[in-house]
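# Notes for the structure review
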Amino acid sequence: LETYIFEDDSTGRTVVDALAAAARRGVSVRVLVDGFGSPLFSSTLMPTLTEAGVMALIYRPERARFSFRRHRLRRLHRKLAVIDGRIAFVGGINIIDDLNTPDRSPARYDYAVRVEGALLVPIRRAMHRLWELVAWVSAKRRFRIVREPLPPSAPEGEQMAAFVVRDNIRHRRDIEEAYLAAIANADESILIANAYFLPGRRFRRALVAAVQRGVKVTILLQGRIEYRLLHYATQALYARLLSGGIRIFEYHHSFLHAKVAVVDREWATVGSSNIDPFSLMLAKEANIVALDGKIAAELRDSLE
């Protein structure tokens, strides 16, 4: 299990209980959390997990909270889980109560996908690679994964999909490039729902260019203020986007935490990556990109 936030609340404790129970019945359980997103994890939830036999590690623990060096922003922002090498979950949902929001407002709105079949191979490979790296850096040799060959997963359906990651080594721009390729190939419509939207000039120009060739571009953004600076920075782009023919809607009913998009009722993505500098340039992220009319239609209906 990988997560950015693992909160000590009712949801977090429920998941801890399930993980601990699995470990006690002999399941190999590994939990990797981000040191900035879960700063209290080591003193709150981690002891219960380790006592039950869960192997828990922290990605880039926070030691100097008032240091503003750039590397502090290189966080583990992925939200991934793999069970028995047969089922995976990929999306933007942290382990936190949906009502754990400012002022206990209506529940947070978010998305994830359940994955079975051949796509499990790259998901497991990416998670194993990061776990090994963190275990090595943490000098937790007993946590190293015994290198057993991963059996290839047979297809479980007819959907065409890819697992796309962003890191600071070989895949710096993969998620952004997937978006830009879909936008460039759009013929009819682009619908993007994003919690934190602060795209660079290249991304903005791609959206405007799509409008100019007759594509209907709609962006659904979080209307409530969670991070004030980012909120007003996004709103500063509204005039430019609107003048380019892009429709913008703000979601005020609750906190919108989605990082999803649908293009031409055929292309869809669900994952952890926002369209902002943190996600596209610094953090470790993971998205599923699918070319499938059924998946795209289900997501589009939900967003509409």
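Look above for the structure.
Residues numbered from 1 in each chain as written. Predicted model: local features only at pLDDT ≥ 70, side-chain atom pairs only at ≥ 80, totals over all residues. Heavy atoms only, no water.

### Concerning unusual backbone geometry
Phi is positive for Asp84, close to 55°, though the residue is something other than glycine. Summarising the element assignment, Asp84 is placed in the loop between strand E4 (80–83) and strand E5 (87–91). Owing to a relative accessible area of 60%, Asp84 belongs among the exposed residues under this scheme. Even without a glycine there, the phi angle at Asp264 is positive, about 55°. On the secondary structure map, Asp264 appears in the loop between strand E11 (259–263) and strand E12 (267–271). (Helix = DSSP H or I, 4+ residues; strand = E, 2+ residues; numbered from the N terminus. Buried < 20%, exposed > 50% of the residue type's maximum accessible area, 1.4 Å probe, protein only.)

### Notes on the side chain of Asp9
Its location among the elements puts Asp9 in the loop between strand E1 (2–3) and helix H1 (10–24). Looking at Asp9, its side chain comes within polar contact range of the main-chain nitrogen of Gly12, at 2.9 Å. Setting aside residues up to four positions removed in sequence, Asp9 forms contacts with Ile96, Asp97 and Asn100. (Polar contact = N/O pair within 3.5 Å; in protein donor to acceptor, adjacent residues only side chain to side chain. Contact = heavy atoms within 4.5 Å.)

### A few points about the pattern of salt bridges
The full count for this structure, using the stated rule, is 12 salt bridges. A salt bridge links Asp8 to Arg13; its shortest N-O distance comes to 2.9 Å. The partly exposed category is assigned to Arg13, whose relative accessible area is 42%. In this structure, the salt-bridge partner of Arg300 is Glu304, at a minimum N-O distance of 3.1 Å. For Glu304, a relative accessible area of 63% puts it in the exposed group. When salt bridges with common partners are traced through the structure, they connect Arg173, Glu176, Glu177 and Arg202 into a single cluster. (Salt bridge = Lys/Arg side-chain N within 4 Å of Asp/Glu carboxyl O.)

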